Every structure is written in structure tokens, then in C-alpha cells.
Amino acid sequence: MSKIEKLLPNFNELTPSECERITFEALDVYKKALQNLEDAPATVSDFLEPWDEASEQFDRVVNPVFTLMSAIGGEEFDALEQTLDEPMTRLATWMNTNEKLYEKFVALSKLDLDPETAYLVETELKEFRLGGIDLDEQGRKDLEEVDLEIASIATQYGQKVAKMLGEKVEVGGKEYQLNNFTNQLALSDIDDPRQREELLDISMNRGFGGDLDTRDLVLKMAKARHKRAQILGFENHAQIVLETETAPSVEAVYELLSDVSKAALKSLEKEAQVLKKRAARDGLEDFKASDWLYYQEREKKDALGLSSDVLKPYLELWNVLENGVFFAANKIYGITAKRRSGLRGWDDSMRVYELEDEAGKSLGIFLIDPFTRPGKSGGAWMNSLIQGYSKTDYESIIINCANFEPVAEGEEKFLVWDEVETLFHEFGHALHGFLSKTKYGSTAGTNVPRDFVELPSQLNEMWAYHPQVIENYARHFDTGEVMPTELREQLQQSKTFGQAHSTVEFCAAALLDQKWYSNAEIDQVDDVAEYERKALEEAGVSSALVPPRYRSTYFPHVFTIGYDAGYYSYMWAEALVAECENWFRNTAAQNGDGGLNREAGRQITDAILSRGSSRDPQESFKALIGHDASAGAILSRRGL
Ligand SMILES: [Zn+2]
């Protein structure tokens, strides 16, 4: 039994009530540990290391709890989440405004520290300032009050959206499980235009009225965060968020999004003409937003001969994971994944693996929970239950969750291409955790700015298309035959197909997010739909044919906690991704292998993936690439 597997929680025992008990216990232990440090000498070994360790010990207990809240959900976990809002927020406020702890960091900052330690201390001092350390008594009280309100709104909003996703809707006598985003994947298969319109309508009206109305929460959240910004002396919430991001300012974010969306809108115009013509041949004169995906799919099939039906038999879930995702990680990072059938997750459909480096040293345990269940949060994500760092011998326990439609027991699950990319993407986040080699837990793995965290994940998607990787995993399930070259070439070309549409969708959602959190007059706003309409118009991304990827009423990234004023991050990181892809294909390539080699893996691990935020992530990026990234890199990557 390896060291790390002993730390794998027994998920059966983690019932909601047990989760509640251990979380309250951990809160208590954590606070006491910090109180003990209030009078410790301000040195690295007496203060900083124990401070870091206390936080890591706390995470070890609460990370599995929060993971189960999202992955299992349901009434009892929902109730627990609500119960924990207050004590978690109070602890955070207590820490952020703790003068004694703050003074330790100030004292540390005056010592002669190694660069990694100095960077951590500097980052923490900033966190204190953003957490209200400079406020007077009244200011701190106000801040705590508004933070409690934000936590409570976020929980209510998140739970309502999770319920929306659990509901099935009926259109034309057929049941549909809605995707979390606006444009439903099913739209490309529905032949009747009225039914398409009805389905998109249902999707876009989620949260507007009914039991799961979230409009009030949207308004309350935008206003609460604005109030919080003012208490802290900022003009708006977006400014606070940008303080700790790689992007330099709110203006820089607007600039990137508007540069990219302008280019995308131009291409969109052209694509719309093609699709409209095609629709007209079907006798459809009034081409609507709900018709876009349907005709795009047909156009794609004609132009590239590609459809998901042709691809599917080559894309069996476990085969893609084990012979595709893991294979690429082996070639580049020297990682071997061994199935550990004896280890269990929280659902029988999950698989558990132990990862080892090429010397046979364990990097930790990887769990994957691929299927949708009622109660589970939407989308796909990575969580670390334990994030390795120097004190844990760099061993981690990391999970990937997705929402693939389940199949009957004993049946094989075949993926659509998007889902293949999802597997590579989420494992890219996992690699960021497993390859981390930082001294401190607080800076390890994915503990980086959120506009940087999507770099390793989006970058890992490139290997899904690599000829040698495809050859290894894209095999016909019945015949074992490798995906024909023609199909592979079509896949390669399909990367830039329909990009105008998805780029506009994305930019609209990202700009909407910025508009909610950078408006000085947000207190006057009382109509969500009207605000959205105006915001999109002002941002120059209003299009009758392309609704935003999320509307405010079902946009948990932005109205819970995580990507508020930060949805742009995916695009920001994509500029970095584009540069790194070019680096793999050109600088790091050996004998035309496109960078699929161990040496490339070593270099990018050393510069970026092992570093977490043990130094400025922008510096890590530059250490590999040598210069900053630009919006132009995104446009050429997307073929715009
Ligand atoms: Zn991601």
C-alpha cells in the first residue's frame, strides 16, 4: 500500500452529517493553530511553515467535503453547504483582519528570504490588504456582513442552477436533459425548426420566473459585490479581482475581449450567409438563433464529411482516457497510470488510478467521475483532495468530474469529440497538480491566478489531435481498426470550423460578466433581461443569431464564487496556450514529432507546470516562451 492511498478518504463514511462534523472540527483546529502562531517568532520555520501546514491540513479535510457537495449534491449536501457558509466566511474575515498574523508577514517581508518565500510573503500581504486589514472597526464589520451575504447568495444561486440542470424538459414529445450552456447540443439533431426554437427558448428562459427564478439573486449579488468593493476603497468588484490576476487591468480585459469579438463578428457575418442560404433551400426563410447549430452541423458534414456518428465508434470513453490521455502524458511527462481496482470513489461508475513518474515514484491517486447524476453540478471540473508539496513528498489526490450522459450497465460509452477534448482538458488541470514541486502548499499546483489556471488544461487538448496519440486511442471499438487518415484530417480541419459562433458566444458571456461587476451605477439596476440587452449592445457583441454562452440567470461561474469578473480568464489563458502550442510544434519538436517528446515535457514542467505560484506565473510563462502573449495568437489559433 503506497503512502498516498492511505490518505484516500473512505467516501462511504462521508455522509452529509459526518461531513458536517469533520468540517466544524477542522474549522476549530485550524483557528486554534493560527491563534497559536499569533505569538510565534516571525521566522520561516517558526511561523511561515507551520502557517502553511495548518492551511494544508484544513484543506485536506474540507476539500473532500466540498467535492462531494458538487459531485453528489442533493438536499442534505445542499443544506450542509448553507450551514457552512457562515462559519467559513467568519473564519476568512477573522484571518484577513488579524493584526497579529499580518504583522508577522510584515516582519517576514523585511528579512532576507529565498525568492520562493519572498514571493509567498508578498502575495499574502496583498491578500491581507484585499481582505480588509486596513479598515477600521466599522469597516471590518460592514465587510463581514457583506461577505456573509455574498456567501449566502452564492449558495442559493448555485443550488438553484444545479436543480435546473437536473430537470428534464419535453419538446415535441421527446425528453431532453439540458446542457448548462445556452445553445443546446441537441439543437443540431432536431429537424423541426419550431421545436428547435422551443428548446432554445426554454434554455434561455431558465431562471426567469418559476420556482427556480434567480433574477433577484443576480441583482443582489452584483450589488453586494459592488458594495464590498466600495468598502475596500475600489471603484468596482472587477478591479479587486484584477488585483490578483495576470491580466493587468479591467481595461486590458475589455480590450482583449473586444478585439477578439470584433474579428469574430466579421467572420460570423460570412458564416451566417452560408447557413441562411442552406436553410432557404429547406424553405426556411426566417433563419433564427435556434437554427444555427442545426445548419452548421450539416455544413460541417458536407464540407468535411464529418459527423459525430462517424466518429463515435472510435471514441470509447475508457479507451480515450487510458490509451489517449494517459498515453500522451506518458510520452511527454513520463507518467504511467495504473488502474487501482481495489480503490473506490463515491460512485461505482468511477475509476481510480495511481500515477507514477518514470523512476517509479508515486505522484498520487487520480479519480474520475464521468457521468451525470441528479444532484451533481453541471459541466466538468478538477478538484484536488490533497495537493502535493514538499511536506507530502509531492504526492496528490486529484479528481476529474464530467457530465457525460450515462449508459445502461454493461454498455460502452462512446464520446462525441467535445467530450474527448473535455477529458484531455480536465486531465491538463490534474497534471498541473501532479507535476507541482513547490516548497509551500499554498502556492502548489493549481493555486495560481484564475486567468492562468486554464493554461495547462487548454494546452493539454492539443494532444487529442496529435497523429501518434490518435493512432494509439482512436480505434474502432468492434474492429480495432485505427481511425482512417481521412477522418483524422477532417478532425484537424474541424478545429477552426464554426469558431466565429463559439467565439462570439463566449465573448458575449465574458463581457456580460465584466458589465455586471464594473458598473458604478449597478444599484439603479432592477431588470436583469433589460440590463443584459443593454450591456451586450454597449459591448458591441449583441447579435440576434448568437445568444451569450450563458445568461445571467444560469451563469454559476459568475454568480457563485470562482469566476466572478473572471470568465474572461479562458480567453486570456488561450493567448498563452497559443504561444505554448507553437512552442511545442516548433522549438520543442524532434524529428517532426510535434513536440510529443520527453524533453519538451521536462522543459515545460520546469518552467511552468512544476511552479504553481511559487513565482509570478507570468514570469514562468516568459521563462519558456521568452515574450508576452497577444490577442493575435488567439485569432490565428481560431482561424478568425
Ligand atoms: Zn478548465
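Residues numbered from 1 in each chain as written. Predicted model: local features only at pLDDT ≥ 70, side-chain atom pairs only at ≥ 80, totals over all residues. Heavy atoms only, no water.

Chemist: Got a minute to help me understand the overall build of the protein chain in this structure?
Modeler: In terms of helices and strands, the protein chain carries 24 helices and 7 strands. A compact globule built from 640 residues would reach a C-alpha radius of gyration of about 26 Å, and the protein chain, at 24 Å, matches this within 12%. For the protein chain, the C-alpha atoms occupy an extent of roughly 80 × 60 × 50 Å along the three principal directions. Looking at the protein chain as a whole, 56% of its 640 residues are labelled buried. Accessible surface, the protein chain as shown: approximately 26700 Å² in total, 45% of it carbon and sulfur. Separation of charge centres in the protein chain, based on 69 positive and 111 negative side chains, amounts to 2 Å. (Helix = DSSP H or I, 4+ residues; strand = E, 2+ residues; numbered from the N terminus. Rg over C-alpha atoms; globule rule 2.2 N^0.38 Å. Buried < 20%, exposed > 50% of the residue type's maximum accessible area, 1.4 Å probe, protein only. Areas by Shrake-Rupley, 256 points an atom, 1.4 Å probe, with all protein chains shown as cover. Lys, Arg positive; Asp, Glu negative; His and termini not counted. Charge placed at Lys NZ, Arg CZ, Asp CG, Glu CD.)

Chemist: Even after reading the chapter, I still don't get the packing of aromatic side chains, so can you show me in this structure?
Modeler: Going through the model one piece at a time under the given rule, you end up with 31 aromatic pairs. Summarising the aromatic geometry, the rings of Phe-326 and Tyr-353 are spaced 4.9 Å apart at their centres and angled 80 degrees between planes, so their arrangement reads as edge-to-face. Placement of Phe-326 in helix 13 (residues 317-333) and of Tyr-353 in strand 4 (residues 351-356) is noted, with a sequence separation of 27 residues between them. On the accessibility criterion, Phe-326 (8% relative accessible area) is buried. By relative accessible area, Tyr-353 is classed as buried at 1%. (Phe/Tyr/Trp six-rings, centres within 6.5 Å; stacked < 30°, edge-to-face > 60°.)

Chemist: Is there a simple way to think about the packing of helix 13 against helix 22 (residues 598-609) in this case?
Modeler: A pair of packed helices is captured by two measures, namely the crossing angle of their axes and the spacing between those axes. At a minimum axis separation of 6 Å, helix 13 and helix 22 run at an interaxial angle of 85 degrees. Taken together, the axes of helix 13 and helix 22 lie roughly perpendicular to each other. Facing Lys-331, Ile-332 and Tyr-333 of helix 13, the residues of helix 22 in contact are Arg-598, Gly-601, Arg-602, Ile-604, Thr-605 and Leu-609. Here the contact of helix 13 with helix 22 is composed, by residue class, of 4 nonpolar, 2 polar and 3 charged. (Axes fitted to C-alpha atoms, helices over the stretch in contact; angles between N-to-C directions. Parallel < 35°, antiparallel > 145°, perpendicular 65-115°, else oblique. Contact = heavy atoms within 4.5 Å. Nonpolar A, V, L, I, M, F, W, Y, C, P; charged D, E, K, R; others polar.)

Chemist: Teacher, can you tell me more about the pairing of strand 7 (residues 396-404) here?
Modeler: Look at any regular strand and the pattern is simple: side chains alternate between the two faces of the sheet. In terms of residue burial, strand 7 counts as a mostly covered element, since 8 of its 9 residues are buried. As defined by bridge partners, strand 5 (residues 362-371) adjoins strand 7 across 7 bridges and the pair is classed as parallel. By the bridge assignment, Ile-368 is partnered in strand 7 with Asn-400. The pairing of strand 6 (residues 381-386) with strand 7 spans 5 bridges and is antiparallel. Bridge assignment links Trp-381 to a residue of strand 7, and that residue is Cys-401. (Pairing = 2+ DSSP bridges.)

Chemist: Got a minute to help me understand the sheet that holds strand 5 in this structure?
Modeler: Working definition: the strands of a sheet are paired by backbone hydrogen bonds and lie parallel or antiparallel to each other. The mixed open sheet is built from 5 strands, whose spatial order is 3-4-5-7-6. Either end of the sheet is taken by a strand with one partner, and the two such strands are strand 3 (336-339) and strand 6. Each adjacent strand pair in this sheet contributes to an overall mean axis angle of 25 degrees, direction not counted.

Chemist: How should the pattern of salt bridges be read in this particular structure?
Modeler: Pairs can form between side chains of opposite charge whenever their charged atoms are close. The final tally for this structure, using the stated rule, is 44 salt bridges. Close ionic contact of Asp-291 with Arg-196 constitutes a salt bridge, the shortest N to O distance being 2.9 Å. Of the two residues, Asp-291 is situated in the loop between helix 10 (250-281) and helix 11 (292-304) and Arg-196 in helix 7 (residues 193-204); the sequence distance between them amounts to 95 residues. Comparing Asp-291 with Arg-196, the two get one shared label, buried. For Asp-286, the salt bridge identified is with Lys-288, shortest N-O distance 3.2 Å. Judged by its relative accessible area of 29%, Lys-288 is partly exposed. Residues joined by salt bridges that share partners form a network here, namely Arg-225, Glu-245, Arg-450 and Asp-564. (Salt bridge = Lys/Arg side-chain N within 4 Å of Asp/Glu carboxyl O.)

Chemist: What is the right way to look at the coordination of the zinc ion in this model?
Modeler: Tetrahedral metal sites with four donors have an ideal angle of 109.5 degrees; octahedral sites with six donors have ideal angles of 90 or 180 degrees. Each protein donor to the zinc ion is listed here as His-425 (NE2), His-429 (NE2), Glu-454 (OE) and Glu-454 (OE); together their distances run 2.1 to 2.8 Å. Donor residues for the zinc ion sit on one chain with the sequence pattern H-x3-H-x24-E. Of this pair, His-425 and His-429 both sit in helix 14 (residues 417-434), 4 residues apart, which is roughly one turn of that helix. You can call His-425 buried: its relative accessible area is 10%. (Donors = N, O, S within 2.8 Å, 3.2 Å for Na, K, Ca; no water.)

Chemist: What exactly am I supposed to notice about the state of the cysteines here?
Modeler: By definition, a disulfide is the covalent link that joins the sulfur atoms of two cysteine residues. Applying the stated rule across the entire model yields 0 disulfides. The structure places no disulfide on Cys-19, whose sulfur is separated from the nearest cysteine sulfur, that of Cys-401, by 14 Å. (Disulfide = S-S within 2.5 Å.)

Chemist: Whenever I open this one, the nonpolar core confuses me. Can you help?
Modeler: If you look at the biggest cluster of nonpolar residues, it comprises 90 residues, and the most contacted ones within it are Leu-257, Trp-516 and Phe-559. Here this core spans two domains, and each of domain 2 (158-311 + 501-559) and domain 4 (573-638) adds at least three residues to it. Once residues within four sequence positions are removed from consideration, Trp-516 is found in contact with Val-218, Leu-219, Ala-222, Ile-522, Val-525, Val-528, Tyr-531, Ser-552 and Phe-559. Within the second largest apolar cluster, 69 residues are counted, among which are Leu-317, Leu-459, Trp-463 and Leu-487. (Core = buried A, V, L, I, M, F, W, Y, C linked by side-chain atoms within 4.5 Å. Domains from an automatic or database assignment.)

Chemist: Hey, could you run me through the packing of helix 2 (residues 44-71) against helix 3 (residues 75-96) in this one?
Modeler: Here helix 2 crosses helix 3 at 145 degrees, and the two axes come no closer than 10 Å. The way helix 2 lies across helix 3 gives a crossing that is left-handed. Residues Phe-58, Val-65, Phe-66, Leu-68 and Met-69 of helix 2 lie in contact with helix 3, whose contacting residues are Phe-77, Leu-80, Glu-81, Leu-84, Met-88 and Leu-91. Its residues assigned to classes, the contact of helix 2 with helix 3 comprises 10 nonpolar, no polar and 1 charged. (Left-handed = near helix turned anticlockwise from the far one by under 90°.)

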